[in-house]
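# Descriptive analysis of the structure
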Protein chains: 2
Amino acid sequence: MKSMASTSEKILDIAQSLIVAGGYNGFSYADISAAIGIRKASIHHHFPTKAELVAVLVDRYRQQAETGLQALRAQVASPAEQLQFYLNYWDTCIRDAAQPFCVCAMLAGEMQMLPDEVASRVRAHFQSLAAWLASVLSAGAQQGLFRLNGRPEEEAQMLMASVHGAMLSARAFGDPGLFIAIISTQIAKLTK
Amino acid sequence: MKSMASTSEKILDIAQSLIVAGGYNGFSYADISAAIGIRKASIHHHFPTKAELVAVLVDRYRQQAETGLQALRAQVASPAEQLQFYLNYWDTCIRDAAQPFCVCAMLAGEMQMLPDEVASRVRAHFQSLAAWLASVLSAGAQQGLFRLNGRPEEEAQMLMASVHGAMLSARAFGDPGLFIAIISTQIAKLTK
DNA sequence: CATAACCTTCCTACTGGTAGGTAGATAACC
DNA sequence: GGTTATCTACCTACCAGTAGGAAGGTTATG
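Quick caveat, the model's predicted, so the values are computed rather than measured.

Thresholds applied
- Residues numbered from 1 in each chain as written.
- Chains lettered and ligands numbered in written order.
- Predicted model: local features only at pLDDT ≥ 70, side-chain atom pairs only at ≥ 80, totals over all residues.
- Heavy atoms only, no water.
- Helix = DSSP H or I, 4+ residues; strand = E, 2+ residues; numbered from the N terminus.
- Rg over C-alpha atoms; globule rule 2.2 N^0.38 Å.
- Buried < 20%, exposed > 50% of the residue type's maximum accessible area, 1.4 Å probe, protein only.
- Contact = heavy atoms within 4.5 Å.
- Areas by Shrake-Rupley, 256 points an atom, 1.4 Å probe, with all protein chains shown as cover.
- Axes fitted to C-alpha atoms, helices over the stretch in contact; angles between N-to-C directions.
- Nonpolar A, V, L, I, M, F, W, Y, C, P; charged D, E, K, R; others polar.
- Near = heavy atom within 4 Å.
- Polar contact = N/O pair within 3.5 Å; in protein donor to acceptor, adjacent residues only side chain to side chain.
- Least-squares fit on C-alpha atoms with pLDDT ≥ 70 in both.
- Salt bridge = Lys/Arg side-chain N within 4 Å of Asp/Glu carboxyl O.
- Buried area = accessible area lost by both parts, 1.4 Å probe.
- Disulfide = S-S within 2.5 Å.
- Expected span 1.5 Å × (residues − 1).

## Re the overall build of chain A
- Counting its regular elements, chain A contains nine helices and zero strands.
- Of the regular secondary structure in chain A, the N- to C-terminal order runs α-α-α-α-α-α-α-α-α.
- A compact globule built from 192 residues would reach a C-alpha radius of gyration of about 16 Å, and chain A, at 18 Å, matches this within 12%.
- By residue count, 51% of the 192 residues in chain A fall in the buried class.
- Residue pairs in contact within chain A that sit at least 24 positions apart in sequence constitute 65% of those at least 6 positions apart.
- In the form shown here, chain A has an accessible surface area of approximately 8400 Å², with 52% of it arising from carbon and sulfur atoms.

Structure (structure tokens):
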């Protein structure tokens, strides 16, 4: 038996896909209730408030991301390939429509009206992703794989913005292939 | 007498700032009602449904953008300066917190659950902005001002994604200066 | 000119439905 | 038996949207 997810994890899974689709204000306890066949009140048993639910959800997402990115850095030798794996991951997610958007990028758009406990966690994800990208770019530059115009931190911020912007464009145009098309143009500038 | 805005324009103004803050699902007729001191029902008189209100709002935004960008191309000679003016515009908006995000970028994130009449208009804005950027980059490349790696259309898509991603990062970090910092890194790659 | 018809705008009052959240009972499990 | 999970039933607040009318301006008609 592989996937015997607990109720609370099922709740988080559904909530996550709903947030990716419509943001913090785009889903309700009733939506989750209908999706997994449980009463609204039962969800409140697991997650007393919506803010708490989303805070836990972002924590889980952050931990998965952190784990995945660290594993990537440990198991893949070349910084260029590390970067490629990261971008391929998103390309696949977007093509599958499995998770066609980063949860934190989605929530970042609503930052101004997010509960503090959620907003701070979203910001933390942006920070750690930027740090990971900076370390990859820095290592790659030292090995002569990348040509950086500015400091690795600056280039990392730029790359992260490109990734999020490319997700947005792919969604706006309804064209999953647009993500990697845009990103490839960006990567070309780093490796050229 | 300068600014004697009509009621329906006041409604659109408030709705726009609310959308920029929290997206389509992040505002209500009651919010607008409270903001401009008019009853909810009166807003329905001007805009029967929410979908219609936002559709009109996006039309207005698109027309303003189109007008502004075409004027820029007509009045500013150098493509490099046209681009700089465009980016300065957003830098100022973000620093003033006047309009710290593009309405259409905000709505694009919620594309999947937007009414069709809104979604199609958002897509149209992305198309015309990409076209404008492509024409500026193309003209600039011919004058030897820009070094493009790919076709102007591809570079334009990339630049547009960077702009939207930079807006998102500035918001996520709560740092208005981050927008131009990210974009400058990007522009350096085009002019270098 | 006067008056009747109409139009625009805004109002109060309301509808059916949904939001997040709670209270308390019931069942299942260790 | 106590804990955990789920249930029914409910609450208050809010949602988008409607009905019907009051006030004032505009237009058409005599």
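## Topic: the packing of helix α5 (residues 79-96) of chain B against helix α7 (residues 116-142) of chain B
Residues and elements named next belong to chain B.
- Viewed as axis vectors pointing N to C, α5 and α7 meet at an angle of 145°, and their least axial separation amounts to 8 Å. From α5, Pro79, Gln82, Leu83 and Tyr86 reach across to α7, where they touch Leu129, Trp132, Leu133, Val136, Leu137, Ala139 and Gly140.
- The class makeup of the residues in the contact of α5 with α7 is nine nonpolar, two polar and no charged.

## A short note on the protein's contact with DNA strand D
- Taken together, 17 residues form the shell around DNA strand D, and within it Arg39, Ser42 and His46 of chain A together with Ser28 and Lys50 of chain B come nearest.
- Those atoms of DNA strand D that come within 4 Å of the protein belong to sugar or phosphate at a rate of 55%.
- The side chain of Lys40 of chain B places a nitrogen or oxygen atom 3.0 Å from a base oxygen of DNA strand D.
- For the surface near DNA strand D, the elements supplying multiple residues, two or more each, are α3 (40-46) of chain A together with α2 (29-36) and α3 (40-46) of chain B.
- Top element by residues in the surface near DNA strand D is α3 of chain A. It accounts for four residues.
- Its residues assigned to classes, the surface near DNA strand D shows seven nonpolar, seven polar and three charged.

## Here's the deal with the relation of the copies chain B and chain A
- By a simple turn and slide, chain B fits onto chain A: the slide is 0.0 Å along the axis, the RMSD is 0.0 Å, and the turn is 180°. These values place the two chain copies in the arrangement generated by a two-fold rotation axis.
- Taken as a fraction of all interface residues of chain B, those also at the interface in chain A reach 100%, which identifies the copy contact as same-surface.

## What about the protein's contact with DNA strand C?
- In the vicinity of DNA strand C, 17 residues are found, and the nearest of them are Lys50 of chain A together with Thr7, Arg39, Ser42 and His46 of chain B.
- Taking Phe27 of chain A, its main chain carries an N or O atom lying 3.3 Å from a phosphate oxygen of DNA strand C.
- Measuring from a phosphate oxygen of DNA strand C, one finds a side-chain N or O atom of Ser42 of chain B at 2.8 Å.
- Every element with two or more residues in the surface near DNA strand C is listed here: α2 (29-36) and α3 of chain A together with α3 of chain B.
- Take the surface near DNA strand C: its biggest share by element is four residues, from α3 of chain B.
- Of the residues assigned to the surface near DNA strand C, the class counts are seven nonpolar, seven polar and three charged.

## Digging into the pattern of salt bridges
- Taken as a whole and judged by the stated rule, the model has twelve salt bridges over all chains.
- The partner of Glu153 of chain B in a salt bridge is Arg151 of chain B, and the shortest N-O contact between them spans 3.3 Å.

## Focus: the interface of chain B and chain A
- Each partner contributes to the interface: chain B provides 41 residues, whereas chain A provides 41 residues.
- Buried surface at the junction of chain B and chain A, both sides included, amounts to about 3600 Å², of which 63% is carbon and sulfur.
- The interface formed by chain B and chain A includes two salt bridges.
- Inspection of the chain B/chain A interface yields eleven residue pairs in polar contact (both at pLDDT 80 or more).
- Elements represented by at least two residues in the side of chain B that touches chain A include exactly α1 (7-22), α6 (103-109), α7, α8 (152-173) and α9 (177-191) of chain B.
- With 15 residues, the top contributor of residues to the side of chain B that touches chain A is α8 of chain B.

## So, the state of the cysteines
- Inspection of every chain in the model, using the stated rule, returns zero disulfides over all chains.
- The closest cysteine sulfur to the non-disulfide-bonded Cys102 of chain A is located on Cys104 of chain A, 5.0 Å from its own sulfur.
- The exposure class of Cys102 of chain A is buried, given its relative accessible area of 2%.
- The thiol of Cys93 of chain B is not disulfide-bonded; the next cysteine sulfur, from Cys102 of chain B, is found 10 Å away.

## Quick notes on helix α7 (residues 116-142) of chain A
- Across its 27 residues, α7 of chain A extends 39 Å between first and last C-alpha, which sits within 8% of the 39 Å expected from 1.5 Å per residue.
- Immediately beyond the C-terminal end of α7 of chain A, within one or two residues, lies Gly144 of chain A, with a positive phi of roughly 75°.

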